[in-house]
Every structure is written in C-alpha cells, then in structure tokens.
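Listed below are the residues making up each chain.
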Amino acid sequence: MSITITDVKTILTRVPLNQRTITDSQSTVTHVEFMQVVLQTDAGITGYGMNWSYTPGLHAAQVMVDDHYAAVLKGQDAFLRKELVRRMFFSNHFVGRVGAARVGIAACEFALWDIACKAAKLPLWKYLGVAKERVKAYSTDGGWLTWSVDDLIRDATRLVERGFDAVKIKLGRPDPREDYERIKAVRQAVGPNVRIMTDVNCAWTLPIAKLWGSRLADHDVFWLEEPMKPEDVRSHQLLAEAITTPVAIGETIFTREAFRDYIVSGACGIVQADATKLMGIDEWLEVAALAATYNLPLIPHTNVQQKLHVQLAAATPTVMMVEHCYESIEAIWEEPITVKDGYYQLPQEPGVGLKLTDATIAKYRVG
Ligand SMILES: [Mg+2]
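Rules used throughout
- Residues numbered from 1 in each chain as written.
- Predicted model: local features only at pLDDT ≥ 70, side-chain atom pairs only at ≥ 80, totals over all residues.
- Heavy atoms only, no water.
- Helix = DSSP H or I, 4+ residues; strand = E, 2+ residues; numbered from the N terminus.
- Buried < 20%, exposed > 50% of the residue type's maximum accessible area, 1.4 Å probe, protein only.
- Contact = heavy atoms within 4.5 Å.
- 1 Å grid on protein atoms, 1.4 Å probe; cavity = no way out; pocket = protein on both sides within 12 Å on 5 of 7 lines; lining within 4 Å.
- Points joined across faces, edges and corners; volume = space filled by probe spheres on them.
- Nonpolar A, V, L, I, M, F, W, Y, C, P; charged D, E, K, R; others polar.
- Domains from an automatic or database assignment.
- Donors = N, O, S within 2.8 Å, 3.2 Å for Na, K, Ca; no water.
- Expected span 1.5 Å × (residues − 1).
- Arc of directions from axis to C-beta.
- Polar contact = N/O pair within 3.5 Å; in protein donor to acceptor, adjacent residues only side chain to side chain.

**Topic: the environment of Ala209**
On the secondary structure map, Ala209 appears in helix H7 (residues 206-215). Accessibility expressed as a relative area gives 0% for Ala209, which makes it buried. Between the C-alpha atom of Ala209 and that of Asp66, which follows or precedes it by 143 residues, the distance is 42 Å. Dropping the residues within four chain positions of it, Ala209 is found in contact with Trp204, Ser214, Pro227, Met228 and Leu239.

Pasting the structure below:
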C-alpha cells in the first residue's frame, strides 16, 4: 500500500488571546500564530500538521515549507515519513538547522503521521501503542509574571477548585525576593497537597539561580523550569548539582543531541521535550526513549497543541502529566481536547488532531 502526496498547502493565522494579556520574563503575549500544513493525497485522506509561535515570525517557517519542503514531499509516498524528514532537513541545512527550519519540518511531519493514523483508522495514541488510558493535566493558566499576589492566589485557588492539583507560577521578577514571596503566598493559599512548579523563562544568571533556586525547597516547589539560557548546558549542570529542586528544561531545545548533552551530564531532572520544536513525533519518541533510559520523568512542554502531547503521553510510560494552557483559544481546533477533574479526555477520532477550524482560518488568516 502506498499513499501519494498530490499537493502541499500552508495557511498562516494570527489568533488573539481571549483573556488578560499574558506575561513571563521574556514575553508579553497578546496573539498566537499558527501555521497549518495541509497534505492532499491520492487516497482521499488529507493530512493536517501545524506549528505555532507566540512571538511573531512564524512566516519564516511557512517560507521554508512553501519554498523547500513542498517540493520534497509532492509526488512521494506518505509512508516514507522518516526518509522524507531526512530529505527536508538536508534540503536547506546551510540556511537553518534549528529554529524556523525545524519548526517547518515538524509541521509537515505531523501531517505525515496524520495520514498514517487515518489510513489505519486510529487516533495517534492507539496507533503508537497505549501505556495509559488517563493523562493527568497541570495548569499554567494562572501565575503570570505581572499578576498581583492577589491575582496569583485567586487563579491558583480557582484552578484547584476545578480539579487541578498541580499549578505553575512564573518567576523572573526584577527582584528575586519578590518571586520568593509570591511562591510563599500561593503555597499558603493552596496548602501542602497541591504541586507548585516554577518557570523562569531563561531570565537568571548562574549565581542568582543557585541562590534563589536553593530556596525553592522552602515551599516544596516541584521543579524549577528554564532558569537560564537553553544553550548553556554547563551552567545548568552546576545548578543541578547545587540545589535539590529538580531542574526542568526542553521547551526551547530543538535537537535530540542537545537533550543528550543535558541528560548525560545530569544538567536536568525533568525532560520537557516538545515535538513542535524537535523535528516532530519521531524525534520526540527518540528523546523520550533516552530520558527513560536515564530514569528521568518526561513532562512535555505544550501550550496550544495539547492534543498532540496528550496522545504522546498516553503512549509513553514515563510521562507524569501534560501542561494545560491558553484555554481561552481552545475552540480554534476541530474536536478540541478537554480536561475534566484534572485529567485529559483522550481523543477517539483517527489522526493526530491538529486541524484548525474553517472559521478560525476565515477569521484570522494573514498573508
Ligand atoms: Mg516554560
């Protein structure tokens, strides 16, 4: 059996958040960009992939697909996925080995998986093989950096009342003492049984990370996420040796080799691989296998494409839970995934589940 790709189309959209402006130590988020990749085939199956960014510039990845990857894919058998990814990667590897080049490849790779799953008439998690039939969620939809302490407490309390027992708070205020007091206030509000995670979004230097990272244990913080620049493995290694709170990394790491360097050197305690930053699902599964071999939990980064990572989580024994965020724009997806009592409801329809609704495209298309 073969399924020939007959056409490759891309659509760029810019979707406003229907909620208060979101802030972390690096970004103020008012919109999220999505690039939809659509692969038509001779079998009547359409494959949908996508990638996203909450900083502007996803058009660069769209150019990669339109100008380079479309020609690689057209006329080929969609089942040649791994070989097609290799060809896409080398089609422009002097221009970009990471960043927009990979973001574009991942969008195409998801569409190739979508075709394979639909041909098998299975949702991705069943196609991969099931490890668990319930996937726990944790929430990032609160805890933003410019929130007042009262806002933080209100959001955390509301999320716990809804059934979440794990919430994340952004760190990286100009004075780290403020960060410390904000965590303390949330811990007092939610009590000892709720997991609190923290996320610096790369704002700290090593001495600050050592000093304030060591004090997170005072409030039983479950992890310290992206304390420093992702390129600096050595500083993360020194930090991980100096503090007891696990260091979490992955949302801005683009290659399995970079994950290897973190994992082998002991520079991270929690692996947050995101298939949209890697070259798609196949490379994510390789990182998952590496993390499992080193006995590290995998808790994928995800904020706008939960359906993808929830399905990967259901097929991966070492995934503890999956991030839940940007709930206000959930309705952009066809058959969006939902959380009930702190757990995701697994999708039953065949495919990967990354199709934007026609209404979303009609309303928010750019270019
Ligand atoms: Mg993060």
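**With respect to empty space enclosed by the protein**
Scanning the entire structure with this criterion turns up five cavities of 30 Å³ or more. As a volume, the largest cavity reaches approximately 110 Å³. Every residue lining the largest cavity is counted, 16 residues in all, and those nearest its centre are Tyr54, Trp144, Lys170, Asn303 and Tyr326. Residue classes in the lining of the largest cavity are distributed as six nonpolar, three polar and seven charged. The two domains that each donate at least three residues to the lining of the largest cavity are domain 1 (5-122 + 356-366) and domain 2 (126-344). Val304, Gln305, Gln306, Lys307, Glu330, Trp333, Pro336, Ile337, Gly353 and Leu354 are the residues that line the second largest cavity. Taken together, the residues that form the lining of the second largest cavity break down as five nonpolar, three polar and two charged.

**Examining the coordination of the magnesium ion**
Protein coordination of the magnesium ion is provided by Asp199 (OD), Glu225 (OE) and Glu251 (OE), with donor distances spanning 1.9 to 2.2 Å. When the donor residues of the magnesium ion are listed from N- to C-terminus, their spacing reads D-x25-E-x25-E. In this pair, Glu225 sits in strand E9 (residues 221-225) while Glu251 sits in the loop between strand E10 (247-249) and helix H9 (256-264), placing the two residues 26 residues apart along the sequence. Both residues of the pair, Glu225 and Glu251, belong to the buried class.

**What about helix H5 (residues 149-161)?**
The terminal C-alpha atoms of H5, which comprises 13 residues, lie 18 Å apart, in line with the 18 Å expected from a rise of 1.5 Å per residue. Inspection of H5 places Asp151, Leu152, Asp155, Ala156 and Leu159 among the buried residues, and these make up the whole buried set. Projection of H5 onto a plane perpendicular to its axis shows the buried side chains occupying an angular sector of 125°, all on one side. Turned more than 90 degrees off the buried face of H5, the exposed positions are Asp150 and Glu161. Taken together, the buried residues of H5 touch strand E6 (135-139), strand E7 (166-170) and helix H6 (176-190).

**Some thoughts on H6**
Counted at 1.5 Å a residue, the expected span for H6 with its 15 residues is 21 Å, and the 21 Å between its end C-alpha atoms agrees. For H6, the set of buried residues is Pro176, Asp179, Tyr180, Arg182, Ile183, Ala185, Val186, Arg187 and Val190. Tucked inside the fold, the buried residues of H6 contact H5, E7, strand E8 (195-199), H7 and E9. Here H6 starts with a cap whose side-chain oxygen sits 2.9 Å from the backbone nitrogen of Arg177, and that cap is Asp175. Immediately downstream of H6, the backbone of Gly191 shows phi near 80°, a positive value.

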